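One-letter residues, chain by chain:
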Amino acid sequence: MSETTGPKPAESGTEEARPSMGRVFLVVIDESPEMKVALRYACRRVAKSGGRVAMLYVMEPADYQEWVGVSNLMRDEARQQAEAIMQKMAGEVQKHAGSFPILHFREGDRQDEVLKLIDEEPSISILVLGAATGPKGPGPLITSLTSKQVGKLRIPITIVPGNLSDADIESIA
């Protein structure tokens, strides 16, 4: 399942046919504290330099083949939760960046879906991720994308330390 809301690519495939919206900063949305720091950083960059924030929420697949009704119910509940989180974060983006974000919903493996979206959406120009501050490292997505998957990316990654304050973000973004 893949769904995107926001500007659509031009049918002709020419650069002139696509309206320019500046750089698009992609933030992967979850419920971690470091995601909020990454989102605030992306908003600040957009507010200062133009462009748009894009948000991606990846839902884990509900895979109960023998219980289709249960699987559908779990998928619906996950979708409602994803929409509620995205709505809340979109309000934050509107407040801090001054524009409504581009929203992407996917179902599957988070790493795979991030890579697919970046490949499918040429308007995305920077991936912004928040690094966890705990002893387990920066997080599985950052670990994977900065090691064995880094060669598959066509855009840079900005890794934002998850312990930055709003004042820190203001001074560096």
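Coordinates for the structure precede this section.
To start, this report covers the structure provided alongside it. Being a predicted model, the structure only gives us computed values, none of them experimental. (Residues numbered from 1 in each chain as written. Predicted model: local features only at pLDDT ≥ 70, side-chain atom pairs only at ≥ 80, totals over all residues. Heavy atoms only, no water.)

## Here we look at the overall build of the chain
Here is step 1: When helices and strands are counted, the chain shows five helices and six strands.
Here is step 2: Counting from the amino terminus, the chain carries its helices and strands in the arrangement β-β-α-β-α-β-α-β-α-β-α.
Here is step 3: Within the chain, contacts between residues at least 6 apart in sequence are counted, and of these 75% link residues at least 24 apart.
Here is step 4: Per element, the accessible surface of the chain, about 9400 Å² overall, is 52% carbon and sulfur. (Helix = DSSP H or I, 4+ residues; strand = E, 2+ residues; numbered from the N terminus. Contact = heavy atoms within 4.5 Å. Areas by Shrake-Rupley, 256 points an atom, 1.4 Å probe, with all protein chains shown as cover.)

## Notes on the pairing of strand 3 (residues 52–59)
Here is step 1: A large share of strand 3 lies buried, amounting to eight of its eight residues.
Here is step 2: Residue alternation in strand 3 divides its side chains into two sets, Arg 52, Ala 54, Leu 56 and Val 58 and Val 53, Met 55, Tyr 57 and Met 59, and both sets are buried.
Here is step 3: In the sheet, strand 2 (residues 24–29) pairs with strand 3 via six bridges, with the strands oriented parallel. Opposite Ile 29, over in strand 3, you have Tyr 57 as the bridge partner.
Here is step 4: Viewed along the sheet, the connection from strand 2 through helix 1 (residues 33–49) into strand 3 turns out right-handed.
Here is step 5: As paired elements, strand 3 and strand 4 (residues 102–107) share six bridges and run parallel to each other. Within strand 4, the residue paired with Ala 54 across the bridge is Ile 102. (Buried < 20%, exposed > 50% of the residue type's maximum accessible area, 1.4 Å probe, protein only. Pairing = 2+ DSSP bridges. Right-handed = clockwise from strand over helix to strand, strands pointing away.)

## Some words on the nonpolar core
Here is step 1: In this structure, Val 27, Ile 29, Leu 39, Val 53, Met 55, Tyr 57 and Val 128 are the most contacted members of the largest nonpolar core, which totals 30 residues.
Here is step 2: Every element with two or more residues in this core is listed here: strand 2, helix 1, strand 3, helix 2 (68–97), strand 4 and strand 5 (124–131).
Here is step 3: Setting aside residues up to four positions removed in sequence, Val 27 forms contacts with Met 35, Ala 38, Leu 39, Ala 42, Ala 54, Met 55, Leu 56 and Val 128.
Here is step 4: In terms of nonpolar packing, the next biggest core, distinct from the first, is built from 20 residues, Ala 54, Leu 115, Leu 117 and Ala 131 among them. (Core = buried A, V, L, I, M, F, W, Y, C linked by side-chain atoms within 4.5 Å.)

## Some points on the environment of Ala 54
Here is step 1: Note on placement: Ala 54 falls in strand 3.
Here is step 2: Apart from the residues within four sequence positions on either side, Ala 54 is in contact with Val 24, Phe 25, Leu 26, Val 27, Ile 102 and His 104.

Without other data, these values stay purely geometric and don't point to any function.
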